[in-house]
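# Coordinates in review
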Amino acid sequence: MLVWRPGTTAHRRSQGAALTEPLSAFHLVIGIDLGTTSCAVSVWDGSKIVIIPGIVASTVGQNQAGQVVVGQPVAESAVAGVKRELGGDKPIRFRGRTYHPREICAFLLIELKRQAEAFLGVPVHDAVITVSAAAGEPQRRALREAAGLAQLNVRRLLDDPVAAAVAWGADERVRTYAIYDLGGGTFDTSIVRIGPDAIEVLGTAGDLHLGGDDFDELIVEYALRQIRLRHHVDLGQDERIRQRIRREAEIRKRELATAESTTLELPQLTATVSTSIPLTRRAFEAMIEPDVQRSLDHVTAALAAAEAVHGVGRGEVEQVLLAGGSTRVPWIRDRLAGYFGLAPGDIRADLDPDELNVRGAGLIAQEYDPAPLFEGSPGLLSANLRLRAEMADPAADPVVPVPPASAGSGLPRPPAETPADFRPVAELTHSLLAGSPAGEHAALRTAYTAFVAAILAAAPDASLAELGSALAAEYDRR
Ligand code: ADP
Ligand code: MG
């Protein structure tokens, strides 16, 4: 299937070719990479692709005032990875009501559009949005509907691997590549032919439920088993505790990309359980082996399609292009080299795997003319206004307020995300401080303020636990 024949100079520009036309300002069709873990927006600035600062986590949560906030680190109420749910009708419970997955997705798109408009200083109505190649018609339709709710004209839904191929650009001659895109929640792979005049997708496969989130979950299960062995308790039923371990697992997993071993630090999981769990790279690799094998099976399926239709086999693949954050796992690169019989240097990660797809989306976006207005039905405007009314005003966003240390009554209550172990002492401290003059209990006030600020800023668990312990000690000292 021919997926792209460059109609403009964008493709040559992406390869650094000299510019022949005068440059103007930004092109007002944006590229959106809508990932299950993170989103990004790009725009053609007249000579190159610019990635709009402020990568957004694909999370929709609420602040203390109950307003919808997008892109903040996952809080208890946040709905993460909604892209996976798109296309289904399973309602999502959130803020005490139910939402259709496309509405949650619309919150994300509204925020991305807002950021683009803030960056560009003008309204934006048009976008090219990436979608997993494994997504079926229902997901694609839902994504278009979500874009409509966000008042965006979808100029094209771009398959993730095509976006990566476009961003990669071409050599002088046609080459055959395998694209391997392993993100947080989804896996995409395609066999592509990239040439100076066209990009052709020869075969595609993928999985809407395979990614780094699964790796995190495997580490969580491992940690829970270790805790059972050592402490004879099963903490697996407590979602808050799981969430804490998951956050730590994700951080340590990243460390294993460069370190041979690491340790999960899990202080004060409960009043009696504090633990450190060593994890070697080798053990991590053994855990994820079945998932990695599953991804290679999809590569085999994509190759089979390429072989059947185009007669292109495994031996013709010259290089592998990596996209998605999870391809930072060195062992995955080794496995790919082994699978294709390629040298490690042919497993290419020289373009930032986080940026490849959004760059491709921006390059394709540049080929469409911006519309003067949103082209959807007028009814969508009221739906859009309704959703926007539920969202926090970004200018007055109270998500990360640092509470004033001196105010007595203005002291914030312990936030919903306060770890269960520290909740009692946080509550007690709050009621004590709220009832005493601002000048009293200075040290306790400082400890409480720091603890609450860290929770609101979603500080790593280790520092949160440290601050929580300091607070408890300060409370006892009083
Ligand atoms: P998506 O496209 O699904 O939003 P991304 O491409 O942003 O996903 O990748 C996010 C995933 O990459 C997360 O699961 C994250 O933990 C993982 N990741 C990021 N850096 C590393 C690393 N150094 N080692 C292992 N996994 C990583
Ligand atoms: Mg992605």
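Summary of the structure given here. (Residues numbered from 1 in each chain as written. Chains lettered and ligands numbered in written order. Predicted model: local features only at pLDDT ≥ 70, side-chain atom pairs only at ≥ 80, totals over all residues.)

## Details of the nonpolar core
- Among the nonpolar cores identified, the biggest contains 106 residues, and Leu109, Ala127 and Ile129 are the most heavily contacted of them.
- Residue contributions to this core peak at 9 residues, all from helix H2 (residues 101-120).
- The residue makeup of this core includes at least three contributed by each of domain 1 (2-202 + 355-390) and domain 2 (212-285).
- Setting aside residues up to four positions removed in sequence, Leu109 forms contacts with Ala146, Ala147, Ala150 and Leu152.
- In this structure, Leu411, Phe422, Ile455 and Leu456 belong to the second largest nonpolar core, which totals 16 residues. (Core = buried A, V, L, I, M, F, W, Y, C linked by C-beta atoms within 7 Å. Buried ≥ 20, exposed ≤ 12 C-beta atoms within 10 Å, placed from the backbone. Helix = DSSP H or I, 4+ residues; strand = E, 2+ residues; numbered from the N terminus. Domains from an automatic or database assignment. Contact = placed C-beta atoms within 7 Å.)

## Brief notes about unusual backbone geometry
- For Gln151, which is not a glycine, the phi torsion comes out positive at approximately 60°.
- Judged by the 23 C-beta atoms lying within 10 Å of it, Gln151 falls in the buried class.
- Even without being a glycine, His232 presents a positive backbone phi close to 55°.

## Looking at the site of ligand 1
- The environment of ligand 1 is formed by 22 residues, the closest being Gly35, Thr37, Gly183, Gly212 and Gly325.
- Contributions of two or more residues to the shell around ligand 1 are made by helix H5 (212-231) and helix H6 (239-255).
- In terms of residues, the shell around ligand 1 owes the most to one element, H6, which gives 3 residues.
- Its residues placed into classes, the shell around ligand 1 shows 2 nonpolar, 14 polar and 6 charged.
- Residue assignment places the shell around ligand 1 across two domains, with domain 1 (2-202 + 355-390) and domain 2 (212-285) each supplying three or more. (Near = placed C-beta within 6 Å. Nonpolar A, V, L, I, M, F, W, Y, C, P; charged D, E, K, R; others polar.)

## Some words on H6
- For H6, built from 17 residues, the straight-helix expectation of 24 Å at 1.5 Å per residue is met to within 8% by its first-to-last C-alpha distance of 24 Å.
- All of the buried residues along H6 are Ile241, Arg244, Ile245, Glu248, Ala249, Arg252 and Lys253. In an axial view of H6, the angular spread of the buried residues amounts to 165°, which keeps them on one side of the axis. (Expected span 1.5 Å × (residues − 1). Arc of directions from axis to C-beta.)

## What about the pairing of strand E15 (residues 199-207)?
- By the criterion of burial, E15 is predominantly enclosed, with 9 of the 9 residues buried.
- The turn joining strand E14 (residues 187-194) and E15, which pair antiparallel and follow one another in sequence, is formed by 4 residues. (Pairing = 2+ DSSP bridges.)

## Digging into the packing of H5 against H6
- Put simply, H5 and H6 touch, their axes get as near as 8 Å, and they point 115° apart. For the crossing formed where H5 meets H6, the hand is right-handed. From H5, Phe215, Asp216, Ile219, Val220 and Ala223 reach across to H6, where they touch Arg242, Ile245, Arg246, Ala249, Glu250 and Lys253.
- Class assignment for the residues of the contact of H5 with H6 results in 6 nonpolar, no polar and 5 charged. (Axes fitted to C-alpha atoms, helices over the stretch in contact; angles between N-to-C directions. Left-handed = near helix turned anticlockwise from the far one by under 90°.)

The quantities given are spatial measurements derived from coordinates; they are silent on function.
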